Amino acid sequence: MIRKILAFSIALIFIFPIFFLITSSFKNNIDLFSLPPKLFLFDIDFSAYERVFGFSKLLKFDPSYGELYLTSRILDSLIVGIGSSSLTLIIGIYAGYYISRANFRYKNFLIMSILSARMMPLISIAIPLYFVYEKFNLLDTYIGLILIHTFINLPLAVLLLKSFFDEVPKQIDENAFIDGASKIKILHELIIPCAKGGIAVTFILSIIFSWTEFICALMIGQMKIKTIPIQASIMKTIPSWDMMAAFTTISIIPVFIMILVVRKHFVRGLTLGTVKE
Amino acid sequence: MAAQKSYSLPSFMNSDSSLPWLLPLITMLIVFAIIPFFYNIYLSFHEFVPAKRALLFVGWDNWIRLFTDGVFWGSLKVSLYYTFMCLLIQLVLGMGIALLIDSDDPGFGIIRSILTLTLVIPPAIAGMIFLIMEDANYGLIPWLLKSVGLIGPEDTILADPTLALWGVMIVDIWQWTPFMVLILVAGLRSLPSEPFESAVIDGARPFQVFRRLTLPMLHKVIAVAILIRGIDLWRMVDYVFVLTSGGPGTATYTLSLYSWQRFTFVQWGYGATISLFSLIVILIVGNAFIHFAKVKW
């Protein structure tokens, strides 16, 4: 019993900042700055949400409510997240399946390279990439950001998918091969349906890691494209606290839902497929 | 590839060329890892010269500057301190909490779900939350510390040269201790129960059981957790960017942030040199760790 109380109080400590953020988004500017903080008893105020998403703009014209663009920041994050995760998945499925099944000469070297790619400080990719992108006119474009996020997520996707494919019995491949199916057909029609849970997990984790990535998004997105973390970091002056809270609350809730869906495989994703829960 | 055209069935995958399967992956690795690496080397021997508005060859100047630059050594110290302290604290705290919630009871399952949530918050936003909570005038944490008398009434956290780094580390510890907890709990849950039962029968004390049984059996899980956490701690930039921007003065520059800051000051070559240094260090240390800790994929 003591153990349970202790465990729950620790959980409370960890959830408190999230709770604090979400409640802040519903506070008016007086309650927001009051000390001791008003944790439960405060006047619920939706004005921050109205300003962030421009609801009131739909009803009446008010020039001070000009922040409708914040909705488009969430759209930016969605486009980059879904685009890069889809591309990651396409590349990762073939590579992961091949690494899982085949024994080739440079297999260990390839795995080491993938892990080394995971180790790279993102700033050391972002600086050279800035110049490369400048030459190819990829700065401030969705495709440029999608490509770099794909690269960032590839080590996770390839190794995680490999671990999921490792769990599909090799017998399936071999029987189908004897029956004369081509390897690509075996993968598409037998293996992918067997591993679709794992593929969904990889997809969701890739979206999350693209959603949270900061420095490359800052470097590549300039004026037109700003993902959610970049936008949030701009709103750090005190007058926009409530708007920042409303904006980030809206942007982290979809991630919470996604992660609770794949919670069982989350540890496996974090450890690139090595530790299973 | 023709030589591999054997018909031994169990390794049938060898009979085909590996290229179509791996080509997209290898292309991505070349474009986004190999090319930036060599481009970084190229940049580290060049510098943008404002008078001529051009990137000119400067020889070893950037590297000489790197090893004589006090701010660089400071940021290296901050990066090392940050990485080791956070890793140590998160590992110890994580192990404690993991042992606490390692149970079949459904209540502890809820706690594990709660702990998952901190990990998916964008670090920049986690930084923003703590920026509000650590604000000198309206923040909750300074207010709490002042009311119990740990800091003086005029003290601040993020503007104080000695406390600022801890103000950043507290965010990291808050956000990523659950990472350690979840991985270690997964490891603990997968251990067989027989050795523990017989140890209890033999009258081993709990600490002995932990030292002699749990730790050695968890060795692989702990190694993976240290590796991945260490990589992310070393390249951390989001928190300092949001919370302190390296300040006060240069007290919280990490290597990545200092490199980014030099880049924005149009010292492209020097910025690239710092990031290259950081990259080479982590590649050597990371791969050596994988080798010596025998982490297998």
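Since the structure is predicted, the reported quantities are computational estimates derived from the model, not experimental observations. (Residues numbered from 1 in each chain as written. Chains lettered and ligands numbered in written order. Predicted model: local features only at pLDDT ≥ 70, side-chain atom pairs only at ≥ 80, totals over all residues. Heavy atoms only, no water.)

Side note on the side chain of A:Thr88
Move 1: By the secondary structure assignment, A:Thr88 is in helix H5 (residues 69-101).
Move 2: Not counting residues up to four positions away in its chain, the partners in contact with A:Thr88 are A:Thr150, A:Asn153, A:Leu154, A:Ala157 and A:Ser206. (Helix = DSSP H or I, 4+ residues; strand = E, 2+ residues; numbered from the N terminus. Contact = heavy atoms within 4.5 Å.)

Observations concerning empty space enclosed by the protein
Move 1: Evaluation of the coordinates by the stated rule reveals two cavities of 30 Å³ or more.
Move 2: There is about 610 Å³ of room inside the largest cavity.
Move 3: Taken together, 32 residues form the lining of the largest cavity, with A:Arg118, A:Leu122, A:Phe209, B:Asp232 and B:Arg235 sitting closest to its centre.
Move 4: Residue assignment for the lining of the largest cavity shows that the elements contributing at least two residues are helix H6 (107-119), helix H7 (122-136), helix H8 (142-167), helix H11 (196-212) and helix H15 (263-270) of chain A together with helix H7 (164-189), helix H10 (219-234) and helix H11 (238-243) of chain B.
Move 5: Top contributing element to the lining of the largest cavity by residue count: H8(A), with five residues.
Move 6: Grouping the constituent residues of the lining of the largest cavity by class yields 21 nonpolar, four polar and seven charged.
Move 7: One number sums up the size of the second largest cavity: a volume of about 60 Å³.
Move 8: Tallied by class, residues from the lining of the second largest cavity come to eight nonpolar, two polar and two charged. (1 Å grid on protein atoms, 1.4 Å probe; cavity = no way out; pocket = protein on both sides within 12 Å on 5 of 7 lines; lining within 4 Å. Points joined across faces, edges and corners; volume = space filled by probe spheres on them. Nonpolar A, V, L, I, M, F, W, Y, C, P; charged D, E, K, R; others polar.)

Let's talk about the layout of surface pockets
Move 1: One number sums up the size of the second largest pocket: a volume of about 600 Å³.
Move 2: Along its surface, the second largest pocket is lined by 24 residues, and A:Ile13, B:Phe130, B:Ile141, B:Ile170 and B:Trp174 are the ones closest to its centre.
Move 3: A per-element tally of the lining of the second largest pocket places H7(B) first, with seven residues.
Move 4: By residue class, the composition of the lining of the second largest pocket is 21 nonpolar, two polar and one charged.

Digging into H8(A)
Residues and elements named next belong to chain A.
Move 1: Here H8 contains 26 residues, and its C-alpha end-to-end distance of 35 Å stays within 8% of the 38 Å for a straight helix at 1.5 Å per residue.
Move 2: By the largest-angle criterion, Asn153 marks the main kink of H8, which is about 45°, and a proline, Pro155, follows within four residues.
Move 3: A large share of H8 lies buried, amounting to 21 of its 26 residues. (Expected span 1.5 Å × (residues − 1). Bend = angle between axes of the 7 residues up to and from the residue. Buried < 20%, exposed > 50% of the residue type's maximum accessible area, 1.4 Å probe, protein only.)

Some remarks on the domain arrangement of chain B
By a frequent convention, interface size equals the accessible area lost on bringing the separate parts together.
Residues and elements named next belong to chain B.
Move 1: Once the domains are mapped, chain B shows domain 1 (2-44) and domain 2 (71-292).
Move 2: Measuring from the centre of the C-alpha atoms in domain 1 to the corresponding centre in domain 2 gives 34 Å.
Move 3: When the two sides are added together, the surface that domain 1 and domain 2 hide from each other amounts to roughly 500 Å², 75% of it contributed by carbon and sulfur.
Move 4: It is Phe37, Asn40 and Leu43 that lose the most area in domain 1 upon contact with domain 2, and together they represent 74% of the buried surface on that side.
Move 5: In this assembly, domain 1 and domain 2 are joined by zero salt bridges.
Move 6: Here domain 1 and domain 2 share zero residue pairs in polar contact (both at pLDDT 80 or more) between them.
Move 7: When the residues that make up the side of domain 1 that touches domain 2 are grouped by side-chain class, the tally is three nonpolar, two polar and no charged. (Domains from an automatic or database assignment. Buried area = accessible area lost by both parts, 1.4 Å probe. Salt bridge = Lys/Arg side-chain N within 4 Å of Asp/Glu carboxyl O. Polar contact = N/O pair within 3.5 Å; in protein donor to acceptor, adjacent residues only side chain to side chain.)

Section: the interface of chain B and chain A
Move 1: The partner chain A presents 101 residues to the 96 residues of chain B that form the contact.
Move 2: Summing the contributions of chain B and of chain A, the shared interface buries around 9,100 Å²; its carbon and sulfur component is 81%.
Move 3: The interface formed by chain B and chain A holds two salt bridges in total.
Move 4: Note that A:Arg118 and B:Asp232 form a salt bridge whose closest N and O atoms lie 3.1 Å from each other.
Move 5: Taken together, the links from chain B to chain A amount to twelve residue pairs in polar contact (both at pLDDT 80 or more).
Move 6: At 13 residues, the largest contribution of residues to the side of chain B that touches chain A is made by helix H1 (residues 19-44) of chain B.

Some points on the packing of aromatic side chains
All names here are of chain A.
Move 1: In total, this model carries 31 aromatic pairs over all chains according to the counting rule given.
Move 2: When the centroid spacing of 6.4 Å and the interplanar angle of 40° are considered together, the rings of Phe16 and Phe19 count as tilted. With Phe16 and Phe19 both in helix H1 (residues 2-24) and three residues apart, this pair spans about one turn of that helix.
Move 3: Classification of Phe19 by relative accessible area gives partly exposed; the value is 29%. (Phe/Tyr/Trp six-rings, centres within 6.5 Å; stacked < 30°, edge-to-face > 60°.)

A short note on the pattern of salt bridges
Pairing of side chains with opposite charge becomes possible as their charged atoms draw close.
Move 1: Going through the model one piece at a time under the given rule, you end up with eight salt bridges over all chains.
Move 2: Of the charged contacts in the structure, one is a salt bridge between A:Asp173 and A:Arg101, with a shortest N-O distance of 2.9 Å. Here A:Asp173, found in helix H9 (residues 170-178), pairs with A:Arg101, found in helix H5; they are 72 residues apart in sequence, far enough to count as distant. The pair formed by A:Asp173 and A:Arg101 is uniform in burial state, with each residue classed as buried.
Move 3: B:Asp232 is paired through a salt bridge with B:Arg235; the nearest N and O atoms lie 3.3 Å apart.
Move 4: When salt bridges with common partners are traced through the structure, they connect A:Arg118, B:Asp232 and B:Arg235 into a single cluster.

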